[in-house]
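Residue-level structural notes
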Amino acid sequence: MNPVNVGVVGATGAVGRTILSILAERRFPVKEIRLFASPRSAGSVIDTFWGSVTVEDLSIADPSGIDIALFSAGGGRSREYAPKFAEAGAVVIDNSSAFRMEPDVPLVVAGVNDEAITDRPRGIVSNPNCTTMDLMMAAGPLHRAAGLRSMVATSYQSVSGSGMAGVEELMRQTDWLRSNPDALREGGFEEPDSEVYVAPIGFNVIPYAGSETEQGYTDEEWKLVHESRKILSAPDIEVEPTCVRVPVVTGHGIAATMWFDRSMEISEARQLLEAAPGVEVWIDDVPTPLDSAGIDDVLVGRLRNTVGVAGGINLWVVGDNLRKGAALNAVQLAELVTGEA
Ligand code: A2P
């Protein structure tokens, strides 16, 4: 791969910083790196693998000369600036939901639907939602073999998916409840207020991740429906989603039941998943979010045949939402683009 000029937009955020460390870990061929964030961070200096880099103010930056721009600064910034970067000649890899469902923007999970990346008329490629990404790592290989027909999926999503504010809310409430243990047995949680979530997340589970949209479902739940269909190029897959927030810092888990165009035995599912890149199958141990934190592979366990409606597969998949769920996949997409002839 020839060295390229790389821009990281949202470089001071959780995903942006992880992108910088993954680019370095994977020895991505960087000629020059430029970092962008809000006016608040402009002028600050970040030490990178390629040297100290001064953060630029996105709103006044000139994107000329950038070959690949990795965007992770929220949907509003992507909508406004990604087309400008693309017009200036960059291929934009966008981590927000801004363009994911646009028909002329590919939505790609590296290792699952790589071929889709070559058709990008707007110069923009979307990185899927973190929960969908982890689930697709398991669903993709099974779908290719047997045609996924329907799927019931319940997520167990960590608070880092809501940025630093989610992590801080969990820590604050956990501290308060440890000092007020009666509230854990008898109720009466009062402090500190819940700002990020609709209910306390400390020592609790909130069956409502995301914000309400249509038919009582949250936006996170609709992402599971629509993004899964687009990634698998299968618009008719039936998806029944429930997205749950759990008091975990890193790692999104998904319990999924899948039925295919034919019945599938767990021996076949295991074989397919063991052969899939970026997937580790755990048979004797139970993979948890803590196991997934800080690693690239998505972990699959609890493989079982369905016992109600026969012929399907029950499984559990868990992945680091900041790595494969966001930054790692973005870098893998950059590698696919850079590796093109
Ligand atoms: P900044 O640190 O200057 O606010 P996170 O979701 O982890 O909080 O990260 C959000 C990222 O998006 C940060 O790098 C943040 O930069 C950046 N960002 C937020 N608002 C803007 C904006 N108006 N213009 C450019 N970057 C922004």
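Above: the structure in question.
Residues numbered from 1 in each chain as written. Predicted model: local features only at pLDDT ≥ 70, side-chain atom pairs only at ≥ 80, totals over all residues. Heavy atoms only, no water.

Considering the packing of helix H3 (residues 130-146) against helix H7 (residues 266-274)
It is at 9 Å that the axes of H3 and H7 come closest, and there the two elements cross at 115°. Seen from above, H3 lies across H7 with right-handed handedness. Across the interface between the two elements, Met137, Ala138, Pro141, Leu142 and Ala145 from H3 touch Glu268, Ala269, Leu272 and Leu273 from H7. Its residues placed into classes, the contact of H3 with H7 shows 8 nonpolar, no polar and 1 charged. (Axes fitted to C-alpha atoms, helices over the stretch in contact; angles between N-to-C directions. Helix = DSSP H or I, 4+ residues; strand = E, 2+ residues; numbered from the N terminus. Left-handed = near helix turned anticlockwise from the far one by under 90°. Contact = heavy atoms within 4.5 Å. Nonpolar A, V, L, I, M, F, W, Y, C, P; charged D, E, K, R; others polar.)

Observations concerning the sheet that holds strand E10 (residues 252-260)
Spatial strand order, E9-E8-E10-E13-E12-E11: 6 strands in an open sheet with mixed pairing. In this open sheet, the two edge strands, each paired with only one partner strand, are strand E9 (238-245) and strand E11 (279-281). Going from strand to strand, the sheet's axes swing by 20° on average, the running direction of each strand aside. Both E10 and strand E13 (residues 313-319) contribute to a ladder of 7 bridges, which runs antiparallel. Bridge pairing links Thr257 to Asn314 in E13. Strands in contact with H7 are E11, strand E12 (298-305) and E13; relative to E12, the strand with the most contacts, it is inclined by about 170°. (Pairing = 2+ DSSP bridges.)

What about the nonpolar core?
By size, the foremost hydrophobic cluster in this structure holds 39 residues, and its most contacted members are Leu135, Met258, Leu273 and Leu315. Counting residues per element, this core draws most heavily on H3, at 8 residues. Residue-level mapping places this core at the junction of two domains, with at least three residues from each of domain 1 (4-128 + 327-338) and domain 2 (132-164 + 194-320). With residues near it in sequence (within four places) discarded, Leu315 still touches Ala138, Leu142, Ile254, Ala255, Ala256, Met258, Leu273, Val300, Gly301, Arg302, Leu303 and Arg304. Ranked by size, the runner-up nonpolar core spans 34 residues in total, among them Phe28, Ile33, Val53 and Leu70. (Core = buried A, V, L, I, M, F, W, Y, C linked by side-chain atoms within 4.5 Å. Buried < 20%, exposed > 50% of the residue type's maximum accessible area, 1.4 Å probe, protein only. Domains from an automatic or database assignment.)

As for the layout of surface pockets
Once rolled over the atoms, a probe with the size of a water molecule shows which space is left empty. Roughly 1,200 Å³ of volume is contained in the largest pocket. Sorting the residues of the lining of the largest pocket by element identifies helix H1 (14-25), helix H2 (75-87), helix H6 (219-231) and helix H9 (323-338) as the ones contributing at least two each. Here the lining of the largest pocket is built from residues that sort into 17 nonpolar, 24 polar and 8 charged. Three or more residues apiece are contributed to the lining of the largest pocket by two domains, here domain 1 (4-128 + 327-338) and domain 2 (132-164 + 194-320). (1 Å grid on protein atoms, 1.4 Å probe; cavity = no way out; pocket = protein on both sides within 12 Å on 5 of 7 lines; lining within 4 Å. Points joined across faces, edges and corners; volume = space filled by probe spheres on them.)

Some thoughts on empty space enclosed by the protein
The final tally for this structure, using the stated rule, is 1 cavity of 30 Å³ or more. Space inside the largest cavity adds up to approximately 40 Å³. In terms of lining, the largest cavity is formed by Gly111, Val112, Met137, Pro141, Arg144, Ala276, Pro277 and Val279. In terms of residues, the lining of the largest cavity owes the most to one element, H3, which gives 3 residues.

Digging into the state of the cysteines
Applying the stated rule across the entire model yields 0 disulfides. With no disulfide of its own, Cys130 has Cys243 as its nearest cysteine by sulfur position, at a separation of 9.4 Å. (Disulfide = S-S within 2.5 Å.)

Quick look at the site of the ligand
The full set close to the ligand counts 13 residues, and Thr12, Ala14, Ser38, Arg40 and Ser41 are the nearest of them. Separating an oxygen atom of the ligand from a backbone N or O atom of Gly10 is a distance of 3.2 Å. Contact distances for the ligand include 2.9 Å between an oxygen atom and a backbone N or O atom of Ala14. Taking 570 Å² as the accessible area of the ligand by itself, protein coverage stands at 69%. Judged by the fraction of its atoms near the pocket grid, the ligand is located in the largest pocket. When the residues that make up the shell around the ligand are grouped by side-chain class, the tally is 5 nonpolar, 6 polar and 2 charged. (Near = heavy atom within 4 Å. Polar contact = N/O pair within 3.5 Å; in protein donor to acceptor, adjacent residues only side chain to side chain. Areas by Shrake-Rupley, 256 points an atom, 1.4 Å probe, with all protein chains shown as cover. Sits in = over half its atoms within 2 Å of the grid points.)

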